[in-house]
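Now for the letters of each chain:
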Amino acid sequence: MGEIPAIETERLTKSFGATRALSGLDLTVQQGGILGLLGPNGAGKTTAVRVLATLLLPDSGHARVLGADVVRRADDVRRRIGLTGQYAALDDYLTGLANLVMIGRLARLTRPQARRRADELLGRFELTEAAGRAVKTYSGGMRRRLDLAASLIGRPEVLFLDEPTTGLDPHSRAVMWEIIRELAAEGTTLLLTTQYLDEADQLASQVAVIDTGRVIAEGTPDQLKAKAGEDRIAVRLAPGSDLPAAVTVVQAETTGRVETDPGQLLITAPIPAREGITTDVVRALDTAGIRVSDVTLRRPSLDDVFLILTGHGAGPGPAPAGSGAAPEAGAGPGAGAGQGAAAGQGAGAGLGAGAGQQGGAAA
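This report concerns the structure included in the present document. (Residues numbered from 1 in each chain as written. Predicted model: local features only at pLDDT ≥ 70, side-chain atom pairs only at ≥ 80, totals over all residues. Heavy atoms only, no water.)

## Brief notes about the overall build of the chain
The test is simple: Strands are runs of DSSP state E lasting at least two residues, helices are runs of H or I lasting at least four, and both sets are numbered from the N terminus onward. Throughout, a residue-residue contact means that at least one pair of heavy atoms, one from each residue, lies within 4.5 Å.
Across its full length, the chain carries 13 helices and 14 strands. Partitioning the contacts of the chain with sequence separation of at least 6, the portion at a separation of at least 24 is 71%.

Right, here's the structure in full:
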């Protein structure tokens, strides 16, 4: 028998009134590595995470984390997971250290154990100097790092990160990326939801694209990008160059239809997957006596994949009716419960689940 998957869902459904958040979600995540769960607003990403974290009950279907059913064995799941929600689940009036110690105590650590674990995590997340300050004085990036540290108090085997870098400045985002990579290298399985497609490209070993509550494509980032078509070369000619002659040369070296912009002296064309093709095109133009001012190779991106698969981009946009304010209203308690759940604190998780049941959620 093979290793038990870290995460499995089968025909998972969840509705909020007339809004269908999950429509038969089938997903399998093997242990180790990072799964990027991508989708536009309203696709069902946050709902899926909240079901897997035991904060919402599904309407039908099954979901398991490390082999444990999230409904029938919710307590077992909570002991083995961590959750960082879309919004920091911290007490603004406690210090950073006090927040972590409190969550450690909820995880049933002794006070000395909780203090040692808090000190370790504050050091790892570069927050030691701010440990004695009230969290309300922290920057957005510091709060996000502390929130992630809180989800790691119980040393989770599976960690859910729901848009963990939204709103962060480039430096804070880079710090979070490095921490996420370190966690994966240490053997933690991570499920990362994001609307930043470059983030999934940089971090995820596997990607699942969901829309309208179901998976519509999955694979490695490179496999998904292959769905967007071939690489393209863009050649900008030097002023005074013979555009028709250049088109003939480029056509002989590339595949598909060559497009031109006479005003910009620009030629673009799809190119075959062949080593050195860019050099070959430039060399052929030089042999023909045609001068080039710039050459650019454009590879398909996950943005292109989104446009092809969903018909729209993945950036923030208006949420469907009935799924806007409600999910965020439930996000605060749910996220806090997630950290309690990761710590094995059943009562805290139950409160979060209740809040989530009343909130909306197709984010």
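## Observations regarding the packing of aromatic side chains
Our working rule: Any Phe, Tyr or Trp ring, taking Trp's six-membered ring, that has another such ring centre within 6.5 Å forms a pair; planes under 30 degrees apart are called stacked, those over 60 apart edge-to-face, and the others tilted. A ring is considered to have a charge above it if a Lys NZ or an Arg CZ atom is located within 6 Å of its centre and within 35 degrees of its normal.
Enumeration according to the criterion identifies zero aromatic pairs in this entry. Above the face of the Phe 16 ring, Lys 14 is positioned so that its terminal group lies 5.5 Å from the ring centre.

## Considering the side chain of Asp 162
The line we're drawing: Throughout this description, a polar contact denotes any pair of N or O atoms lying within 3.5 Å of each other; where both atoms belong to protein, one of them has to be capable of donating a hydrogen while the other can accept it, and for residues adjacent in sequence the pair is counted only when both atoms sit in side chains.
Mapping Asp 162 onto the fold places it in strand β7 (residues 158–162). A distance of 3.5 Å separates polar atoms of two side chains, one belonging to Asp 162 and the other to Gln 86. Side-chain polar atoms of Asp 162 contact the side chain of Thr 193, separated by 2.5 Å. Those residues in contact with Asp 162 that lie beyond four places of it in its chain are Thr 46, Thr 84, Gly 85, Gln 86, Arg 144 and Thr 193.

## What about the sheet that holds strand β5 (residues 68–69)?
Note the threshold: The pairing criterion is simple: DSSP has to find at least two bridges between the two strands.
Ordered by their spatial adjacency, four strands build an open sheet running β2-β1-β4-β5, and the pairing between neighbours is antiparallel. Strands at the two margins of the open sheet, each flanked by one partner only, are β2 (19–29) and β5. In this sheet, strand β4 (residues 60–65) lies alongside strand β1 (residues 7–16) in antiparallel orientation, the contact comprising five bridges. If you follow Thr 13 over to β4, its bridge partner there is Ser 60.

## Digging into the nonpolar core
Stated formally: Buried Ala, Val, Leu, Ile, Met, Phe, Trp, Tyr and Cys residues that are joined via side-chain atoms within 4.5 Å together make up what is termed a nonpolar core. Burial status follows relative accessibility: with a 1.4 Å probe on protein chains alone, a residue under 20% of its type maximum counts as buried, one over 50% as exposed, and anything between as partly exposed.
Ranked by size, the top nonpolar core spans 37 residues in total, and within it Leu 100, Phe 125, Leu 146 and Leu 190 carry the most contacts. Elements with a contribution of two residues or more to this core: α3 (96–106), α4 (111–124), α5 (140–151), β7, α6 (170–185) and β8 (189–194). Element by element, the count of residues in this core is highest for α6, at seven residues. When residues no more than four places from it in sequence are discounted, the contact partners of Leu 190 are Gly 33, Ile 34, Leu 35, Leu 159, Leu 161, Ile 180, Leu 183 and Ala 184. Of all hydrophobic cores here, the second largest spans 33 residues; its members include Val 70, Val 77, Ala 208 and Val 215.

## Some remarks on α6
Filter applied, for reference: A helix is expected to reach a length of 1.5 Å times the quantity of its residues less one.
Helix length check: α6, at 16 residues, gives a terminal C-alpha distance of 23 Å against a target of 22 Å (1.5 Å per residue), a fit within 8%. Listed as buried for α6 are Ser 172, Arg 173, Val 175, Met 176, Trp 177, Ile 179, Ile 180, Leu 183 and Ala 184. The secondary structure elements touched by the buried residues of α6 are β3 (34–38), α4, α5, β7, β8 and α7 (197–203).

## Description of the environment of Val 77
Following the sequence through the fold, Val 77 ends up in helix α2 (residues 74–80). On the basis of relative accessible area, Val 77 is assigned to the buried category, the value being 1%. Look past the residues within four positions of Val 77 in its chain and what remains in contact with it is Leu 52, Thr 54, Val 65, Ala 68, Asp 69 and Val 70.

## Brief notes about the pattern of salt bridges
The cut-off we apply is this: When a carboxyl oxygen of Asp or Glu lies within 4 Å of a side-chain nitrogen of Lys or Arg, that pair is called a salt bridge.
Using the criterion set out here, one finds 21 salt bridges in the structure. A salt bridge links Asp 69 to Arg 72, with the shortest nitrogen-to-oxygen separation between them at 3.8 Å. A relative accessible area of 66% places Arg 72 in the exposed class. Here Arg 115 makes a salt bridge to Asp 119, at a shortest N to O gap of 3.1 Å. Remark: Asp 119 and Arg 115 occur in helix α4; sequence separation between them is four residues, near one turn of the helix.

## Structural notes on the environment of Thr 279
Considering the arrangement of structural elements, one finds Thr 279 in helix α10 (residues 277–287). Separated by 16 residues in sequence, Thr 279 and Val 295 place their C-alpha atoms 9.7 Å apart.

## Topic: the sheet that holds strand β14 (residues 292–298)
For sheets, the rule is that strands pair by backbone hydrogen bonds, running either parallel or antiparallel. Filter applied, for reference: Lines fitted to C-alpha atoms define the axes here, with helix axes fitted over just the stretch in contact, and angles between the N-to-C directions of these axes take values from 0 to 180 degrees.
Taken together, four strands build an open sheet; the order of strands is β12-β13-β11-β14 and the sheet is antiparallel. Where the open sheet ends on each side, the last strands, each with one partner, are β12 (259–261) and β14. Each neighbouring strand pair of the sheet contributes to a mean axis angle of 15 degrees, computed without reference to strand direction. Bridge count for strand β11 (residues 232–237) against strand β13 (residues 266–270) is five bridges, and the pairing is antiparallel. Bridged to Ala 234 within β13 is Thr 268. Packing of helix α9 (residues 243–253) onto the sheet brings it into contact with β11, β12 and β13, and relative to β13 it is tilted by some 15 degrees.

## Considering the packing of α5 against α6
Stated precisely, the cut-off is as follows: Oblique is the label for any angle not covered by the other classes, which are roughly parallel (under 35 degrees), roughly antiparallel (over 145) and roughly perpendicular (65 to 115). Crossings are assigned a handedness: left-handed for a near helix turned anticlockwise from the far helix by less than a right angle, right-handed for a clockwise turn. Throughout, the ten residues Ala, Val, Leu, Ile, Met, Phe, Trp, Tyr, Cys and Pro are labelled nonpolar, Asp, Glu, Lys and Arg are labelled charged, and all others, Gly among them, are labelled polar.
With their axes 10 Å apart at the nearest point, α5 and α6 run at an angle of 15 degrees to one another. Considering their axes alone, α5 and α6 lie roughly parallel with respect to each other. Handedness of the α5/α6 crossing: right-handed. In this structure, α5 contributes Gly 141, Arg 144, Arg 145 and Leu 148 to the contact, and α6 contributes Ser 172, Val 175, Met 176 and Ile 179. Tallied by class, residues from the contact of α5 with α6 come to four nonpolar, two polar and two charged.

## A short note on the side chain of Thr 188
Relative to the assigned elements, Thr 188 resides in the loop between α6 and β8. Contact partners of Thr 188, with chain neighbours within four places excluded, come to Gly 33, Pro 156, Glu 157, Leu 159 and Leu 183.

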